[in-house]
Amino acid sequence: MEEYLDIIRQYDVLGAFWVNIQLAFWAAVLSLIMGSVLALFRISPIGSLQWAGTTYVTILRNTPLTIIMVFMVLGAWGQLELTLATDFNLNFFWLAVVGLSIYHAAFVCEAIRSGVNTVPVGQAEAARSIGLSFLPSARLVILPQAFRGAIAPLGNVLIALIKNTTVAAAASVATETSSVMRTMIEFRPDYIYAIFFTFAIGYVILVTPVGLLSTSFSRRLAVSR
Amino acid sequence: MDHSGTAPADDQQPPADDSHLGAPLVELSGVDKYFGDLHVLQDIELTVRRGEVLVVIGPSGSGKSTLCRAINRLETIDGGEIRIDGQPLPAEGRQLARLRADVGMVFQAFNLFAHKTVLDNVTLGPRKVRGLSKSDAEEEAFKLLDRVGVKNQAAKFPAQLSGGQQQRVAIARSLAMHPKVMLFDEPTSALDPEMINEVLDVMEQLAKEGMTMIVVTHEMGFARKAADRVVFMADGQIVEEATPEEFFHHPRSDRAKDFLSKILTH
């Protein structure tokens, strides 16, 4: 027990988790928006939009996240000079958020699409038959039901996202958990087990409620038919 | 009646009393539709006049539902033309949406918006398509719900209602758009027997009030009571068209005789 208190006193473990929580929050918001738009593309009646959505998902879903994160820093920022903040470290933070978002948007899109599949085709036909065109019927009839049918798979995407924020280390975010853990093990190899369990248990505490909440919400908000 | 086999084309019915009918409202000419190799609609010629109640009957797989769904383009057609109020059906986009707003549709499976209350189901179209204010739309929705006898269910969700109540809400939802014509695609086929009449009563009332209706149904009683004309379909073709009286008592084609003998013997 003494060991655990020791390392928490010496290193900013909570601050490191806070960085990952912030990464997860912003990436969740951005990827939810991007994923919804992609899902709209994929269910739209317009062939070129369907193609764009499908191509995006196929490419991004099958690309390793580390590759995307390294590209964000060495490619997008290093070579193409994409700057998202004037502060040096904040810039890496936002580059990591964008990398996480474009990757997870593909999974959000597929989760929403699985939600769309829970909406009977008759709902769309009824919407069209009262004169709603594609966007209004998607916004008013299909997506509200699809989101409620997609809560459980969206919860799974969020769980993966929270844990994947540690890959931000590859985008030079030095204050997040895995980077801090590396430093700690380097300087306190005598505490390696305590260090490992501190982070492992920290993530279990962080992620478990997400799973419980998404299960409970998906049950409570289910559309009864 | 000494007709044998299928009806000759020149054998016209004696004209029924159609003085209450107006100009042609729905016109199908040479309509063809394929599902893969299956020719589900074969050169369909059909005109429905304003105020007319047309009942389409026929064995399952005859194409009658497809015909009904083609009229507001829930099914596309592969040949021919469909006109509503003189205008050809637009292919896609806003114009098609505008046309659909004028064509009411009642489905076999009700298809009420499951995440919205009964009241919101009825006001959604008037508010979002017609641009009515919330209070105006709700005022009219209550009148319509009252008319179909489910006003006291306005705050409930569709899943809390019986099938018959849901279908009456669906009729109110269509009526709220003030459609020029209403399509009914087997509106009572998914209902328990004791609920069929409450829906048919509403439909008969509509017919009496002069609504133009195209009704695909197996309810022969409704056809007899409310229809101006019966169309009998089989294998993707219109085999016979007649007044209900003529059709049920003196069917001309073998297909119709065979069909009627199967459903009217008990």
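Residues numbered from 1 in each chain as written. Chains lettered and ligands numbered in written order. Predicted model: local features only at pLDDT ≥ 70, side-chain atom pairs only at ≥ 80, totals over all residues. Heavy atoms only, no water.

**Student:** Where do I start with the UniProt feature "domain: ABC transmembrane type-1" (unreviewed entry) in chain A in this structure?
**Tutor:** Those residues carrying the UniProt feature "domain: ABC transmembrane type-1" (unreviewed entry) are residues 17–214 of chain A in this numbering. Spanning residues 17–214 of chain A, this segment combines 79% helix with 0% strand, and its end C-alpha atoms are found 21 Å apart. (UniProt positions renumbered as here; feature names shortened; annotations may be inferred. Helix = DSSP H or I, 4+ residues; strand = E, 2+ residues; numbered from the N terminus.)

**Student:** Teacher, can you tell me more about a nonpolar patch on the surface here?
**Tutor:** Residue and element names in this part refer to chain A. A contiguous nonpolar surface patch, about 690 Å² in accessible area, is contributed by I185, I192, Y193, F196, F197, I201 and I205. A total of 6 residues in the nonpolar patch trace back to one element, the largest contributor, which is helix α10 (residues 192–220). Tracing the backbone shows I201 in helix α10. Under the relative-accessibility criterion, I201 is labelled partly exposed at 45%. (Patch = residues over 30% accessible without salt bridge, like charges linked within 9 Å, V, L, I, M, F, W, Y side chains within 5 Å. Areas by Shrake-Rupley, 256 points an atom, 1.4 Å probe, with all protein chains shown as cover. Salt bridge = Lys/Arg side-chain N within 4 Å of Asp/Glu carboxyl O. Buried < 20%, exposed > 50% of the residue type's maximum accessible area, 1.4 Å probe, protein only.)

**Student:** Looking at this structure, how should I read the packing of helix α2 (residues 13–43) of chain A against α10(A)?
**Tutor:** Between two packed helices, the angle of one axis relative to the other and the distance separating the axes together describe the packing. Residues and elements named next belong to chain A. Orientation of α2 relative to α10, taken along the N-to-C sense of each, is 45 degrees, at an axis distance of 12 Å. Taken together, α2 and α10 sit at an angle that is classed as oblique. Along this stretch, α2 crosses α10, giving a crossing that reads as right-handed. For the pair α2 and α10, the contacting residues are V13, F17, N20 and I21 in the first and T198, F199, G202, Y203 and L206 in the second. Taken together, the residues that form the contact of α2 with α10 break down as 6 nonpolar, 3 polar and no charged. (Axes fitted to C-alpha atoms, helices over the stretch in contact; angles between N-to-C directions. Parallel < 35°, antiparallel > 145°, perpendicular 65-115°, else oblique. Left-handed = near helix turned anticlockwise from the far one by under 90°. Contact = heavy atoms within 4.5 Å. Nonpolar A, V, L, I, M, F, W, Y, C, P; charged D, E, K, R; others polar.)

**Student:** How should the pattern of salt bridges be read in this particular structure?
**Tutor:** Oppositely charged side chains can form a pair if their charged atoms are brought close together. Residue and element names in this part refer to chain B. Scanning the model with the defined rule gives 24 salt bridges over all chains in all. Between E209 and R147 there is a salt bridge, with its nearest N and O atoms 2.6 Å apart. One end of the pair, E209, is in the loop between α6 (193–208) and β8 (212–216); the other, R147, is in helix α4 (residues 134–147), and 62 residues separate them in sequence. The exposure class assigned to E209 is partly exposed, which follows from its relative accessible area of 45%. A salt bridge links R229 to E241, with the nearest nitrogen and oxygen atoms 2.3 Å apart. Here the residue R229 occupies a position in strand β9 (residues 229–234), and E241 occupies one in strand β10 (residues 237–242), the gap between them amounting to 12 residues. Residue classification places R229 among the buried residues on the basis of a relative accessible area of 15%. Each member of the salt-bridge network shares a partner with another, and the members are R50, D85, D102, R130 and K180.

**Student:** It is not clear to me how the UniProt feature "domain: ABC transporter" (unreviewed entry) in chain B should be interpreted in this structure. Could you clarify?
**Tutor:** Using the residue numbers shown here, the UniProt feature "domain: ABC transporter" (unreviewed entry) corresponds to residues 26–260 of chain B. The annotated region residues 26–260 of chain B carries 39% helix and 26% strand content, and the separation between its end C-alpha atoms amounts to 27 Å.

**Student:** What should I look at first to understand the confidence of the model for chain A in this one?
**Tutor:** In low-pLDDT segments, the atomic positions of the prediction should not be examined closely. Looking at chain A, pLDDT values average 94 and 100% of them are 70 or higher. Ranking the elements of chain A by mean pLDDT puts helix α1 (residues 2–10) of chain A last, at 88, and helix α3 (residues 47–61) of chain A first, at 97. (pLDDT = per-residue confidence, 0-100.)

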